[in-house]
Amino acid sequence: MGDMVFGSGMKRFLLGAGIAAGIGAAGAALAAPAKPVPYWASLAQDEARMRVGPSLDYPSNWVYRRRDLPVKVVQVLGQWRKVEDPDGALGWMHVRLLSDTATAIVKADIAPLHEGASDGSRTLFRAERGVVGRLSDCSGGWCGFDIKGQRGYVKASDVWGATDK
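Throughout what follows, the structure given in this document is the object of discussion. Computed from a predicted structure; not experimentally measured. Residue positions within a chain follow its written sequence, with the count starting from 1. With the structure being a predicted model, the display of local features is reserved for residues of pLDDT at least 70 and the display and counting of side-chain atom pairs for 80 or more, all residues being used for whole-chain, interface and lining totals. As a convention, hydrogens and water are excluded, and side-chain values are obtained from all of the structure's heavy atoms.

1. A short note on the overall build of the chain
Stage number 1. Under the DSSP-based scheme used, a helix requires at least four consecutive residues in state H or I and a strand at least two consecutive residues in state E, with every element numbered from the N terminus. Each helix and strand counted, the chain has 1 helix and 14 strands in total.
Stage number 2. Relative accessible area decides the class of each residue, using a 1.4 Å probe on protein chains only: under 20% of the type maximum gives buried, over 50% gives exposed, and in between gives partly exposed. In the chain, which comprises 165 residues, the proportion classed as buried is 38%.
Stage number 3. Residue burial considers only the protein chains on display, and all accessible areas are found by Shrake-Rupley using a 1.4 Å probe. Just so you have it, the chain exposes about 9,800 Å², and 55% of that area is on carbon and sulfur atoms.

Here it is, written out as structure tokens:
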């Protein structure tokens, strides 16, 4: 009976040590930039605050209420990322507010979405300025663009976001 208790205690100790090591590794991974700056990211939350400095002690200069809005990460400091929004505003966001999902926002007045990656292909629909969508397969000046399930190809010059991979 004593061996079973010792075994359970040892298992708890090893499990606790494994969890602590895993948390430490995850924290180190988040603190170190995974890629060189600048790089593209998008908002991972429905509401995200941009701050004037890299800490919760700094006031917010913008509050974004647009999940998937593309941002360009221009500087990394620990858990904080200095980002540029589509209008050129700069500020700091905590890494937990950001995602690696490739997105873009329509900057042209109207951006036709085509069936294929060419001007000659059929226009499926048109997206207005400010529409946000998810990107895929950017090449040759065209990107796959998904707006809430409606898919097509958009000219990379008509959007701002992760088009320069």
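2. Some remarks on the environment of Lys82
Stage number 1. Within the secondary structure layout, Lys82 lies in strand S5 (residues 80–84).
Stage number 2. Owing to a relative accessible area of 25%, Lys82 belongs among the partly exposed residues under this scheme.
Stage number 3. As a C-alpha pair, Lys82 and Met93 span 11 residues in sequence and 6.4 Å in three-dimensional space.
Stage number 4. Two residues qualify as a contact provided that any one of their heavy atoms is within 4.5 Å of a heavy atom in the partner residue. Among all residues touching Lys82, those that are not within four sequence positions of it are Lys72, Val73, Val74, Gln75, Leu90, Gly91 and Trp92.

3. Things to note about the pattern of salt bridges
Stage number 1. Each salt bridge in this description consists of a side-chain nitrogen of Lys or Arg and a carboxyl oxygen of Asp or Glu lying within 4 Å of one another. What the rule picks out here adds up to 10 salt bridges.
Stage number 2. Across the pair Asp46 and Arg67 runs a salt bridge whose closest N-O atoms are separated by 3.0 Å. Here Arg67 lies in the loop between strand S3 (60–64) and strand S4 (70–77) and Asp46 lies in the loop between strand S1 (39–43) and strand S2 (48–51), a separation of 21 residues in the sequence.
Stage number 3. Residue classification places Arg67 among the partly exposed positions, given a relative accessible area of 40%.
Stage number 4. Residues Glu115 and Arg122 are paired through a salt bridge, measuring 3.3 Å at the closest nitrogen-oxygen approach.
Stage number 5. Glu115 sits in the partly exposed class, given a relative accessible area of 48%.
Stage number 6. On the accessibility criterion, Arg122 (53% relative accessible area) is exposed.

4. Describing the nonpolar core
Stage number 1. Think of a nonpolar core as a cluster: buried Ala, Val, Leu, Ile, Met, Phe, Trp, Tyr and Cys residues, connected wherever their side-chain atoms sit within 4.5 Å. Counting 33 residues, the largest nonpolar core has Leu43, Met93, Leu98 and Phe145 as its most contacted members.
Stage number 2. Examining the composition of this core, we find that 4 residues originate from one element, S1, more than from any other.

5. A few points about the state of the cysteines
Stage number 1. Disulfides are defined as cysteine sulfur pairs within 2.5 Å. A complete count under the given rule lists 1 disulfide for this structure.
Stage number 2. One disulfide in the model links Cys138 with Cys143; its S-S distance is 2.0 Å. Handedness here is read from the sign of the S-S torsion; for Cys138 and Cys143, about 120 degrees, the answer is right-handed.
Stage number 3. Cys143 sits in the buried class, given a relative accessible area of 1%.

6. Side note on the pairing of strand S13 (residues 150–155)
Taken residue by residue, a regular strand's side chains alternate between the two faces of the sheet.
Stage number 1. Where strand S12 (residues 142–147) and S13 come together, 6 bridges link them in antiparallel fashion. Counterpart to Cys143 in the pairing with S13 is Val154. The pairing criterion is simple: DSSP has to find at least two bridges between the two strands.

7. Side note on the side chain of Arg81
Stage number 1. With respect to the helices and strands, Arg81 occurs in strand S5.
Stage number 2. Here Tyr39 takes part through its side chain, which lies 3.3 Å from a polar atom of the side chain of Arg81. Any pair of N or O atoms that falls within 3.5 Å is considered a polar contact. Within protein, one atom must be able to donate a hydrogen and the other to accept it, and sequence-neighbouring residues count only if both atoms are side-chain atoms.

In short, geometric facts, not functional conclusions.
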